[in-house]
Amino acid sequence: MSEMLKVAVLGAKGRMGTAAVAAIGAAQDLELVAALGRGDSLDQLVKLGVQVMVDLTVPDSTEANVRFAVDHGIHAVVGTTGWSAERLGALESLLAHHRQTGVLIAPNFALGSVLATRFATQAARYFDSVEIIELHHPRKVDAPSGTALRTAALVAAARAGAGVADAPDATETELDGARGASVDGIRVHSVRLAGLVAHQEVLLGSPGEQLTIRHDSFNHESFMPGVLLGIRTVGTRPGLTVGLDGYLDLES
Ligand SMILES: NC(=O)C1=CN([C@@H]2O[C@H](COP(=O)(O)OP(=O)(O)OC[C@H]3O[C@@H](n4cnc5c(N)ncnc54)[C@H](O)[C@@H]3O)[C@@H](O)[C@H]2O)C=CC1
Ligand SMILES: O=C(O)C1=N[C@H](C(=O)O)C[C@H](O)C1
């Protein structure tokens, strides 16, 4: 029997961390050797011989956690939000000095969400207008969601690449925030509502028609197949991968 992969979860007592601890515990090829919370020393990762660290913490902590992992040759699977272009650039520079180490930054581990973002990116060039509505539980600390930021960036790049004009919008006066946030020119609206988990709609419109691409996560289990895929794959993909789609064969 091949050796089990030694895995640590950071943020183990949070909503995602709790689900990840259960999913890893149930996987026969993975060994959960550390379940860390805020204030726990990362030195334990080294002492325990952790091979893959899963970061499910908060935007303020994740960068330092991942840099520690990379510095110690530990692969990292990251679901935490807050990875700006600047942070990603700095991480790539660090990884250039640690060529065997892999990092996956996955704004969303739910396979349906990854597909929805892909479909929206494919559709974006064919419509005059695109806007994104993301809807989450009210305990979420960041807005817009990491998924919406990623979707907007990909949609904007697809439209720019195809030479699509800006979406029509005659707004002259606006109450602050009424038109949402502009992410690379794409309007993103954030809803926080008790009872929700994680949901997103991409609205695409042209005269006389509308296409809506919606994804719903109804619980945190929905993210776990993606987390497990990330853990099993990250060691075979040195360098930085942004988006779980990088580990999926979506072209066939
Ligand atoms: N990529 C994905 O599919 C998903 C990503 N997320 C993201 O994952 C992150 C966590 O989300 P939730 O679990 O809902 O949050 P949460 O607030 O329930 O859990 C975060 C946990 O991390 C702990 N923590 C904070 N700093 C830490 C540190 N330095 N070391 C260890 N633990 C630390 C907190 O004490 C808390 O227990 C958020 O950024 C969220 O947006 C959430 C759901 C899915
Ligand atoms: O905080 C959450 O809950 C989620 N965060 C991620 C995001 O910001 O996109 C992923 C998912 O939407 C749930």
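Rules used throughout
Residues numbered from 1 in each chain as written. Chains lettered and ligands numbered in written order. Predicted model: local features only at pLDDT ≥ 70, side-chain atom pairs only at ≥ 80, totals over all residues. Heavy atoms only, no water. UniProt positions renumbered as here; feature names shortened; annotations may be inferred. Helix = DSSP H or I, 4+ residues; strand = E, 2+ residues; numbered from the N terminus. Buried < 20%, exposed > 50% of the residue type's maximum accessible area, 1.4 Å probe, protein only. Polar contact = N/O pair within 3.5 Å; in protein donor to acceptor, adjacent residues only side chain to side chain. Domains from an automatic or database assignment. Contact = heavy atoms within 4.5 Å. Buried area = accessible area lost by both parts, 1.4 Å probe. Salt bridge = Lys/Arg side-chain N within 4 Å of Asp/Glu carboxyl O. Nonpolar A, V, L, I, M, F, W, Y, C, P; charged D, E, K, R; others polar. Pairing = 2+ DSSP bridges. Axes fitted to C-alpha atoms, helices over the stretch in contact; angles between N-to-C directions. Near = heavy atom within 4 Å. Areas by Shrake-Rupley, 256 points an atom, 1.4 Å probe, with all protein chains shown as cover.

- Within an unreviewed UniProt entry, the label attached to the chain reads 4-hydroxy-tetrahydrodipicolinate reductase, and the organism entered is Arthrobacter alpinus.
- The UniProt entry for the chain carries the following text under Subcellular location (unreviewed entry): "Cytoplasm".
- Under Function (unreviewed entry), UniProt gives the following word-for-word description of the chain: "Catalyzes the conversion of 4-hydroxy-tetrahydrodipicolinate (HTPA) to tetrahydrodipicolinate."

Things to note about the side chain of E134
Here is step 1 of the chain: Mapped onto the elements of the fold, E134 is located in strand β6 (residues 129–136).
Here is step 2 of the chain: By relative accessible area, which is 0% here, E134 ends up buried.
Here is step 3 of the chain: A polar atom in the side chain of E134 sits 2.8 Å from the backbone nitrogen of S145.
Here is step 4 of the chain: Engagement of the side chain of E134 in a polar contact is seen with the side chain of S190, the distance being 2.7 Å.

Some remarks on the domain arrangement of the chain
Here is step 1 of the chain: Domain parsing of the chain yields domain 1 (5–105 + 221–247) and domain 2 (111–217).
Here is step 2 of the chain: Computed from C-alpha atoms alone, the centre-to-centre distance between domain 1 and domain 2 is 27 Å.
Here is step 3 of the chain: Residue-level contacts link 9 residues of domain 1 with 12 residues of domain 2.
Here is step 4 of the chain: Regarding the contact of domain 1 and domain 2, the summed buried area is about 860 Å², with carbon and sulfur atoms giving 59% of it.
Here is step 5 of the chain: On the domain 1 side of the contact with domain 2, R15, T81 and D245 bury the most area, a combined 49% of that side's loss.
Here is step 6 of the chain: At the surface where domain 1 touches domain 2, the tally comes to 2 salt bridges.
Here is step 7 of the chain: Seen at the junction of domain 1 and domain 2, the total is 3 residue pairs in polar contact (both at pLDDT 80 or more).
Here is step 8 of the chain: A breakdown of the residues in the side of domain 1 that touches domain 2 according to their chemical character gives 4 nonpolar, 3 polar and 2 charged.

Section: the sheet that holds strand β7 (residues 181–183)
Here is step 1 of the chain: Read across the sheet, 5 strands follow the order β7-β8-β6-β9-β10 without closing on themselves; strand pairing throughout is mixed. Edge strands, defined here as strands with exactly one partner in the open sheet, are β7 and β10 (209–217). Sheet twist, expressed as the mean angle between neighbouring strand axes with direction ignored, is 25 degrees.
Here is step 2 of the chain: Sheet topology note: the β7/strand β8 (residues 186–192) ladder contains 3 bridges and is antiparallel. Bridge pairing links A181 to V188 in β8.
Here is step 3 of the chain: Taken strand by strand, helix α5 (residues 111–123) contacts β9 (198–206) and β10, and its axis lies near 160 degrees from that of β10.
Here is step 4 of the chain: Together, β6, β7, β8 and β9 form the strand contacts of helix α6 (residues 146–161), whose direction differs from that of β6 by roughly 170 degrees.

Describing the site of ligand 1
Here is step 1 of the chain: Neighbouring residues of ligand 1: 21 residues in total, closest R15, M16, T81, A106 and F109.
Here is step 2 of the chain: Between ligand 1 and the protein, one listed contact pairs an oxygen atom with a backbone N or O atom of G14 at 3.5 Å.
Here is step 3 of the chain: One of the backbone nitrogen or oxygen atoms of A106 is found 2.9 Å away from a nitrogen atom of ligand 1.
Here is step 4 of the chain: When the free accessible area of ligand 1 is taken as 850 Å², the share hidden by the protein chains comes to 83%.
Here is step 5 of the chain: At the level of secondary structure, the elements contributing two or more residues to the shell around ligand 1 comprise α1 (15–26) and α3 (59–71).
Here is step 6 of the chain: Split into classes, the residues belonging to the shell around ligand 1 amount to 7 nonpolar, 10 polar and 4 charged.

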